[in-house]
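Residue-level structural notes
Single-letter residue listing:
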Amino acid sequence: MPNATVAARPETAFRLRAASPEDGEAIAALLREAFAPYDGKIQPRPGALSETGASIAAALENGAGSVAEAGGLLVGSVLWHPEGDGFYLGRLAVKPGWQRRGIARALVESAIEAARIARRAQVTLNVRILLPDNVAFFESLGFERAAARPHPGFDHPTYYVMVRRVD
Ligand SMILES: CC(C)(COP(=O)(O)OP(=O)(O)OC[C@H]1O[C@@H](n2cnc3c(N)ncnc32)[C@H](O)[C@@H]1OP(=O)(O)O)[C@@H](O)C(=O)NCCC(=O)NCCS
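Residues numbered from 1 in each chain as written. Predicted model: local features only at pLDDT ≥ 70, side-chain atom pairs only at ≥ 80, totals over all residues. Heavy atoms only, no water.

The next subject is the sheet that holds strand E6 (residues 144-149). Taken together, 7 strands build an open sheet; the order of strands is E1-E2-E3-E4-E5-E7-E6 and the sheet is mixed. Looking along the sheet, the strands with just one partner apiece sit at the ends: strand E1 (15-18) and E6. The average angle at which neighbouring strand axes cross in this sheet is 25°, direction not considered. Looking at chain direction, E6 and strand E7 (residues 159-165) are connected through 5 bridges and run antiparallel. When the bridges of E7 are listed, glutamate 144 appears paired with valine 163. Packing of helix H2 (residues 53-62) onto the sheet brings it into contact with strand E2 (64-70) and strand E3 (73-83), and relative to E3 it is tilted by some 50°. (Pairing = 2+ DSSP bridges. Helix = DSSP H or I, 4+ residues; strand = E, 2+ residues; numbered from the N terminus. Axes fitted to C-alpha atoms, helices over the stretch in contact; angles between N-to-C directions. Contact = heavy atoms within 4.5 Å.)

For the rest of this paragraph, the subject is the site of the ligand. Around the ligand, the structure places 17 residues, and the nearest of them are Tyr38, Val94, Arg100, Gly102 and Arg105. Here an oxygen atom of the ligand and a backbone polar atom of arginine 100 are 2.6 Å apart. Here an oxygen atom of the ligand and a side-chain polar atom of asparagine 134 are 2.9 Å apart. Burial of the ligand by the protein amounts to 74% of the accessible area it has alone, namely 910 Å². In a pocket analysis with a 2 Å cut-off to the grid points, the ligand is assigned to the largest pocket. (Near = heavy atom within 4 Å. Polar contact = N/O pair within 3.5 Å; in protein donor to acceptor, adjacent residues only side chain to side chain. Areas by Shrake-Rupley, 256 points an atom, 1.4 Å probe, with all protein chains shown as cover. 1 Å grid on protein atoms, 1.4 Å probe; cavity = no way out; pocket = protein on both sides within 12 Å on 5 of 7 lines; lining within 4 Å. Sits in = over half its atoms within 2 Å of the grid points.)

Here you go:
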């Protein structure tokens, strides 16, 4: 059998659904796992590492998000909330072992589509300057660097504000 169905192999298949406050604990656990490699490596410490089930549930009460599921596991997340005339996107994570399969791309596209449906003008996010692979990833999805800013207490820029216009 030729391997033309590689993309549809069951072990690579995932599906997206809307996140709900009941997903809070699972999303917080996913964030801790996915962001763990940054712990002690980038300053300030990523806020994603301090999320709890309650804080994620609260974010989802006031905003929205998508999760990716595969093999009965929650393997990806992204959250967004209204900010100005757009959406602010955050808490994007894909479970180690499930990365580089297009899950983050699908999650970000779901946020862009939600912004389009809500007639929002843009999607904005912050990304660490120290994570150039992440910056390139967002650029590949049409985000542009709009500003470079310091976190509170830093004397040099530590993150880019990136913006994706929604047509
Ligand atoms: C960043 C992250 C969300 C990417 O998730 P992912 O599911 O692996 O991303 P995708 O498979 O959708 O990547 C799509 C494309 O982005 C680029 N890309 C993604 N991660 C990359 C990496 N580590 N290095 C280089 N390119 C990368 C590639 O072009 C990739 O396409 P390819 O695999 O065909 O080459 C994931 O690595 C993660 O959870 N990291 C830890 C938490 C984090 O940094 N979150 C984002 C904070 S801004």
